[in-house]
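# Observations on the three-dimensional arrangement
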Amino acid sequence: MSHLPARIASGAYILNSGLSKRNASPETAAGLHGFATTAYPFLQQVEAQKFVKALSTAEIALGAALLVPFVPTRLAAAGLAAFSGGLLGLYLRVPGMREPGSLRWTEQGQAIAKDVFLAGIAGTLLADTDRRAKDAS
């Protein structure tokens, strides 16, 4: 029960993000794909519409996993950690997201910098499940 607020907040946010990308226009897909390939060049091999469809599906699946209580917290938190790590990778690798020589965000980077909260939620959920497992043994 103590994990529900964090799971609901992050799950609803990610699920909504995935649903909003589900029927992305070609222009939106190209923009998202271009942004992602700046940080992760290997994604250039993937067609933009396929990339956005896969991203949408992954976000919907992760959001749902966080929202449904029968998915173990450790599993949902691991998915959230991986997802937020990818988002923070964008923040660190895409030029113009941060002030030069700093972790401080620019105006353009603020929308992604806030994803550090998702990483914090994932870390807290993982640490708490570790603590509970140790207490149980």
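My aim in this report is to walk through the structure given alongside it, one point at a time. All of these numbers come straight from a predicted model, not from anything done at the bench.

With that out of the way, let us pick up the side chain of Ser17. Positionally, Ser17 belongs in helix α1 (residues 4-21). On the basis of relative accessible area, Ser17 is assigned to the buried category, the value being 18%. Within the local environment of Ser17, its side chain forms a polar contact with the side chain of Glu59, the two groups lying 3.1 Å apart.

This part covers the environment of Ala9. Looking at the element boundaries, Ala9 is found in helix α1. Classification of Ala9 as partly exposed rests on a relative accessible area of 46%. Along the backbone, Ala9 and Leu66 are 57 residues apart, and their C-alpha atoms lie at a distance of 9.0 Å.

Next up on the list: the pattern of salt bridges. For the structure on display, the rule yields three salt bridges. Between Lys21 and Glu59 there is a salt bridge; the shortest N-O distance is 3.1 Å. Pair noted here: Lys21 is in helix α1 and Glu59 is in helix α3 (residues 48-67), with a separation of 38 residues, a long-range link. By relative accessible area, which is 14% here, Lys21 ends up buried. Judged by its relative accessible area of 4%, Glu59 is buried. A salt bridge links Arg104 to Glu99; the nearest nitrogen and oxygen atoms lie 4.0 Å apart. Judged by relative accessible area, which is 31%, Glu99 ranks as partly exposed.

A separate point is the packing of helix α2 (residues 26-39) against α3. Between two packed helices, the angle of one axis relative to the other and the distance separating the axes together describe the packing. Where α2 contacts α3, the axes come no closer than 8 Å and their chain directions differ by 80 degrees. Judged by the angle between their axes, α2 and α3 are roughly perpendicular. Every residue of α3 that contacts α2 at Pro26, Ala29, Ala30, Leu32, His33 and Ala36 is listed here: Ala48, Gln49, Phe51 and Val52. Taken together, the residues of the contact of α2 with α3 break down into eight nonpolar, two polar and no charged.

Reading the values: rules and limits
Counting of residues starts from 1 at the beginning of each chain's written sequence and follows it residue by residue. Residue-level local features of this predicted model are given only where pLDDT is at least 70; pairs of side-chain atoms are given and counted only at 80 or more, and the full residue set underlies all totals for whole chains, interfaces and linings. Based on all heavy atoms of the structure, the side-chain values leave hydrogens and waters out of the count. Here a helix means four or more residues in a row that DSSP labels H or I, a strand means two or more in a row labelled E, and each is numbered from the N terminus. Type-normalised accessible area, obtained with a 1.4 Å probe on protein chains alone, sets the label of each residue: buried when under 20%, exposed when over 50%, and partly exposed for intermediate values. Identification of polar contacts relies on pairs of N or O atoms within 3.5 Å, with a donor-acceptor requirement for protein atoms, meaning one able to donate a hydrogen and the other able to accept it, and with residues adjacent in sequence counted only if both atoms are side-chain atoms. Here a salt bridge means any side-chain nitrogen of Lys or Arg lying within 4 Å of a carboxyl oxygen belonging to Asp or Glu. Think of each axis as a best-fit line through the C-alpha atoms, taken over the contacting stretch in the case of a helix, with angles from 0 to 180 degrees between the N-to-C directions. An angle below 35 degrees is treated as roughly parallel, one above 145 as roughly antiparallel, one from 65 to 115 as roughly perpendicular, and anything else as oblique. Contacts between residues were defined by any pair of non-hydrogen atoms, one from each residue, lying within 4.5 Å. Residues are grouped as follows: Ala, Val, Leu, Ile, Met, Phe, Trp, Tyr, Cys and Pro are nonpolar; Asp, Glu, Lys and Arg are charged; all remaining types, including Gly, are polar.

Bear in mind that shape data such as this cannot, by itself, settle questions of function.
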